[in-house]
Amino acid sequence: MNYKPGANEVKANIETKLHRYFGCSPEEATKEQLYKACAMTVKDILTEKRQAFKHKVNRKGAKRVYYMCMEFLVGRSLKTNIHNLSLVNEYTEALKDLGADLAELYECEPDAGLGNGGLGRLAACYMDSLSSLDYPATGFSICYEYGLFKQKIIDGTQVEMPDNWLPGGEVWLVPRTDRTFRVRFGGRIREKWNDGRLEIIYDNCEEIEAVPYDMMMSGGDSEAVSLLRLWKAKDIDNFNMNLFAEGEYSRALESSVNADIICKVLYPADNHYDGKILRLTQQYFMVSASCQSIIRDHMAVYGTIDNLPDKVSVHINDTHPALCVPEFMRILLDDYCLSWEKAWDIVSRMTSYTNHTVLPEALETWNEDLFRLRLPRIHQIVKEINERFCKQVWEAYPGNWSRISEMAILAGGVVRMANLAIVGSHHINGVSEIHSGILKDITFRNFYRMWPDKFDNVTNGIAHRRWLTYSNPGLADLLSDCIGDGYKKNPTELANLRKYKDDSQVLDRLSAIKKENKESFARHYYEKTGILLNTESCFDVQIKRLHEYKRQLLNAMNIIDLYLQLKDNPNADVLPQTFIFGAKAAPGYRMAKEIIRLIWNIGEDIAKNPQIAEKLRVVFLEDYNVTTAEKLVPAAELSEQISLAGKEASGTGCMKLMINGALTIGTADGANIEMAEEAGEGNLFMFGLSAPEVENIRSMGYHPADFYNKNERLQRIVNSFSQGFNGNSFSHISEYLLVHDPFMCMADFESYRKMHKEVNNLYTADPCEWNRKSLMNIAGAGKFAADRAVSEYADRIWNIKRMTGKK
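These numbers were taken from a predicted model, which means no experiment stands behind them.

Caption draft 1: Representation of the overall build of the protein within the structure. When you go through the protein residue by residue, the secondary structure sums to 36 helices and 23 strands. A buried classification covers 61% of the 807 residues belonging to the protein. A fraction of 77% describes how many contacts in the protein between residues 6 or more apart in sequence connect residues 24 or more apart. Approximately 31400 Å² of the protein is accessible, and the part contributed by carbon and sulfur atoms is 47%. Seen as two clouds, the 97 positive and the 108 negative side-chain charges of the protein have centres 3 Å apart.

Put into structure tokens, the structure is as follows:
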């Protein structure tokens, strides 16, 4: 097949799809039909490329990586794939001949409901780079019917609606009903010896069929096309005809409904028992199907299990897929009759684990009784892994019961998934230098002392082609004019832009591109809401999952301070600012939802005063997603990365904003520290406590009311919560800050406020210096490309090679 068809061939292919699948001509076709026809033609190219690359991998006997993650936030596929295939001109011309516009067809595609935040976006970026660098790779997740949720903001309150993305998104999926697997839950386990072989028998278990749906993941100018395999759950022929005939329709369909629930939504609320059961079921369903698929594919190529760790690397992205450790053991023990020692050697040489958080509540644990009830065979295996590991720890640290208890996988009636992932993996890595240091020194210190060679750091990275070249074409053209196109394949070449830091023409052009992007986003926002944004104001952006440690509340406190000053003097000569938030709160996370309600009501309160609204506006973007980010990130001027030091593992939004020229105001946390090093001294605005200072204050006892008592400005801000905004009181947030303040907004406020003042002064007084700093950020962003991160994983952790050269 021709991977680079001309416009006439593209046009003919689209016409063929319209006739075959929709029974219409291009003149009769709707935009949605044209979009789907285009998607089908692109999918055909990707499928052929995928087959050719797969044959090459099999022929060479190459090792491949399997990337397990509960979410892949891929956004839209048509635009990315057409750009990656370098077919923009061909599709634009072909569609023009058909009376259609490619940009309009992009808008027909929904964002794929397969992810939520940074974890899923990172996974999608890595799949892009794995393809772009020609590494053999497959991703595994679940094909969620309704994604996380579609966010509606009604009078400031987040309301979760189903994100029904499949009608427009399933065109990218290829059902593989020839590759189904069975997954068992519940029941009782019996052991039976049969011809010298231990046979495991499942009594009264629930069996679910896992059906794979494959999505092709293209790379930029590459041979490889990676596979994202998404699992759907299906009932196994348990339809009860007798009950149905008797009119017991609900009971007849009960097992089908139970299977269907597994794939309904990402991260179902787990603040109740049924929610916990469903989350555990989802995780094991994804893991079991994926592990079976990996071994099936391996055996089809090699015919032996013995070389599995030499040909396969399995990566656990966060703790959700950690059950792959006992699941691989189950398959090797029960299906392939290996000894425990041989099975464990294979699994532990094959598996690696990335940790994404140091928050204790986010290091997953399961009630052991629930775990045993739902996964009886897996519980047996985990129990054996734990006993053997605890014996190993005892031998290393005899008599040290507290250390053994802390490191155990099973302890105190809970199953600790992070400990399971560490014990079963040959490498464990953090995602920024500070995060990896905290893992080694604090979170997993005992594991690090026992296995120092297991621990590594791989700082996160982003798909720079998507987030710069495709999302910000004006900036991409400027870069090409200044440093050539080499940065598109080798992002370290962005550093060559530094030689233009004092070139007034380049700086002026950079400023003009930012203004154009702001105007473009303002038009988009007006079309969505009917609200005009002041593009002469500074666009201050905080876009990330809503969580207390990310401190959207601290940002709100600073906005309240500015608002109160303007209420005192509406004629004050101040920098006009537009504060833009994008975030979703987990459905069961009450405090996060309250912060959304607060921010929205502050914005509404300000909007009621037109004189103040000219200088200060607060925007909360409803249902923030990848497509919105692709429009907003190029327009952002100030990037809020203000988590409490020591709490943010890395972040990736910060990198997208940096590479598009936004300046960062942030704490010494996550990737901010490395970003400051790469951008150069003084080119990020750093404030606040350091991680050691945070721990020191906690150890002495943190009293947030002390900061209130010493600072009249803070008193006024905190008191304003009780007075309320837009007719709504937030007195409970006053109490939260004065009594609890777990993420030290009170302690960091004054430093944050002063840094904001410094930022505003620079923006107003020295636009040339602002643009120079922006340029230095772009030039320093090359390190934060996913290409670099994936190469480090490939070389140091997965031990896989690029499939470049002869086919």
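Caption draft 2: Examining the packing of helix α6 (residues 118-132) against helix α36 (residues 786-798) more closely. For the pair α6 and α36, the least separation of the axes is 9 Å and the interaxial angle reads 75°. Looking at the two axes, α6 sits roughly perpendicular to α36. Note on element contacts: α36 touches α6 through Ala786, Asp787, Ala789, Val790, Tyr793 and Trp798, opposite Cys125, Tyr126, Ser129 and Leu130. Along the lines of polarity and charge, the residues of the contact of α6 with α36 split into 8 nonpolar, 1 polar and 1 charged.

Caption draft 3: Quick peek at the nonpolar core. Counting 279 residues, the largest nonpolar core has Ile14, Tyr91, Phe285, Leu553, Met557, Phe721 and Leu737 as the members making the most contacts within it. Residue contacts for Ile14: discarding those within four places in its chain leaves Leu34, Ala37, Cys38, Thr41, Tyr91, Leu95 and Leu98.

Caption draft 4: Main features of unusual backbone geometry. The phi dihedral of Tyr267 falls on the positive side, at around 50°, and the residue is not glycine. Tracing the chain through its elements places Tyr267 in the loop between α10 (254-261) and α11 (273-302). One non-glycine residue, Asn726, lies in the positive phi region at around 55°. What makes Asn726 buried here is its relative accessible area of 17%.

Caption draft 5: The packing of aromatic side chains, seen in detail. Inspection of the entire model under this criterion finds 21 aromatic pairs. Taking the centre distance of 6.2 Å and the plane angle of 80° together, the rings of Tyr67 and Tyr126 count as edge-to-face. On the criterion of sequence distance, the pair formed by Tyr67 in strand β1 (residues 64-68) and Tyr126 in helix α6 is long-range, its members being 59 residues apart. You'll find Tyr67 and Tyr126 in the same group, each marked buried.

Caption draft 6: Spatial organisation of the pattern of salt bridges. Per the counting criterion, the structure on display carries 56 salt bridges. The partner of Lys515 in a salt bridge is Glu519, and the shortest N-O contact between them spans 3.3 Å. With Lys515 and Glu519 both in helix α23 (residues 504-529), this residue pair falls 4 residues apart, about one helical turn. For Lys515, a relative accessible area of 32% translates into the label partly exposed.

Caption draft 7: Looking closely at the sheet that holds strand β13 (residues 365-367). Across the sheet, 3 strands lie side by side as β13-β15-β14; this open sheet has antiparallel pairing. With one partner strand each, in any of the chains shown, β13 and β14 (410-411) form the two edges of the open sheet. Of the strand pairs in this sheet, β14 and strand β15 (residues 414-416) are connected by 2 bridges, and their pairing is antiparallel. Bridge pairing in β15 places Ala411 opposite Val414. Against the sheet, helix α18 (residues 417-424) touches β13 and β15, its axis set at about 45° to β15.

Caption draft 8: Broad picture of the side chain of Thr41. Structurally, the position occupied by Thr41 is in helix α2 (residues 31-60). Classification of Thr41 as buried rests on a relative accessible area of 3%. Separated by 2.7 Å, the side chains of Thr41 and Tyr91 make a polar contact. If we ignore the near neighbours within four places in the chain, the residues touching Thr41 are Asn13, Ile14, Lys17 and Tyr91.

Caption draft 9: Local environment of the environment of Leu562. Within the element layout of this structure, Leu562 appears in helix α24 (residues 552-568). Sequence separation of Leu562 and Leu616 is 54 residues, and the distance between their C-alpha atoms is 8.1 Å.

Caption draft 10: Representation of the environment of Glu406. Along the chain, the position of Glu406 falls in helix α17 (residues 401-407). With 40 residues separating them in the primary sequence, Glu406 and Asn446 have C-alpha atoms 8.3 Å apart. Setting aside residues up to four positions removed in sequence, Glu406 forms contacts with Arg416, Asn419, Arg445 and Asn446.

Caption draft 11: Fine view of helix α30 (residues 691-700). Residues Ala691, Val694 and Ile697 constitute the buried set of α30. Seen along its axis, α30 keeps its buried residues to an arc of 125°; they face one direction. Of the residues in α30, the exposed ones pointing more than 90 degrees away from the buried face are Pro692, Ser699 and Met700. Buried residues belonging to α30 abut α19 (433-443).

Caption draft 12: Here's a closer look at the packing of α24 against helix α25 (residues 590-607). The contact between α24 and α25 brings their axes to 10 Å, and the two run at 20°. Between α24 and α25, the angle is such that the two are roughly parallel. Viewed along their axes, α24 and α25 form a crossing whose handedness is left-handed. Of α25, the residues touching α24 (which contributes Gln552, Leu553, Ala556, Ile559, Ile560 and Tyr563) are Ile595, Leu598, Ile599, Ile602, Asp605 and Ile606. Here the residues of the contact of α24 with α25 are counted per class, giving 10 nonpolar, 1 polar and 1 charged.

Caption draft 13: Region of interest: the pairing of strand β9 (residues 206-218). By the criterion of burial, β9 is predominantly enclosed, with 11 of the 13 residues buried. With 3 bridges joining them, strand β5 (residues 173-175) and β9 adopt antiparallel strand pairing. Bridged to Pro175 within β9 is Tyr213. Counted between consecutive antiparallel strands, the loop separating β9 from strand β10 (residues 225-235) contains 6 residues, among which Asp221 sits at a positive phi close to 50°.

Caption draft 14: Examining the state of the cysteines more closely. For the structure shown, the criterion picks out 0 disulfides. There is no disulfide at Cys125, and the cysteine sulfur nearest it, in Cys654, is 12 Å away. Classification of Cys125 as buried rests on a relative accessible area of 1%.

Caption draft 15: Focus on the side chain of Arg753. Following the sequence through the fold, Arg753 ends up in helix α34 (residues 745-765). Within the local environment of Arg753, its side chain forms a polar contact with the side chain of Glu750, the two groups lying 2.5 Å apart.

Caption draft 16: Seen up close, the sheet that holds strand β23 (residues 685-686). Across the sheet, 6 strands lie side by side as β20-β19-β18-β21-β22-β23; this open sheet has parallel pairing. Edge positions in the sheet fall to β20 (616-621) and β23, since each of these pairs with one other strand and no more. Pairing of strand β19 (residues 577-582) with β20 involves 6 bridges; the strand directions are parallel. Considered in β20, the bridge of Phe581 is made with Phe620. Running at roughly 155° to β19, α24 makes contact with β18 (538-543), β19, β20 and β21 (638-641) of the sheet.

Rules and cut-offs
- Residues numbered from 1 in each chain as written.
- Predicted model: local features only at pLDDT ≥ 70, side-chain atom pairs only at ≥ 80, totals over all residues.
- Heavy atoms only, no water.
- Helix = DSSP H or I, 4+ residues; strand = E, 2+ residues; numbered from the N terminus.
- Buried < 20%, exposed > 50% of the residue type's maximum accessible area, 1.4 Å probe, protein only.
- Contact = heavy atoms within 4.5 Å.
- Areas by Shrake-Rupley, 256 points an atom, 1.4 Å probe, with all protein chains shown as cover.
- Lys, Arg positive; Asp, Glu negative; His and termini not counted.
- Charge placed at Lys NZ, Arg CZ, Asp CG, Glu CD.
- Axes fitted to C-alpha atoms, helices over the stretch in contact; angles between N-to-C directions.
- Parallel < 35°, antiparallel > 145°, perpendicular 65-115°, else oblique.
- Nonpolar A, V, L, I, M, F, W, Y, C, P; charged D, E, K, R; others polar.
- Core = buried A, V, L, I, M, F, W, Y, C linked by side-chain atoms within 4.5 Å.
- Phe/Tyr/Trp six-rings, centres within 6.5 Å; stacked < 30°, edge-to-face > 60°.
- Salt bridge = Lys/Arg side-chain N within 4 Å of Asp/Glu carboxyl O.
- Pairing = 2+ DSSP bridges.
- Polar contact = N/O pair within 3.5 Å; in protein donor to acceptor, adjacent residues only side chain to side chain.
- Arc of directions from axis to C-beta.
- Left-handed = near helix turned anticlockwise from the far one by under 90°.
- Disulfide = S-S within 2.5 Å.

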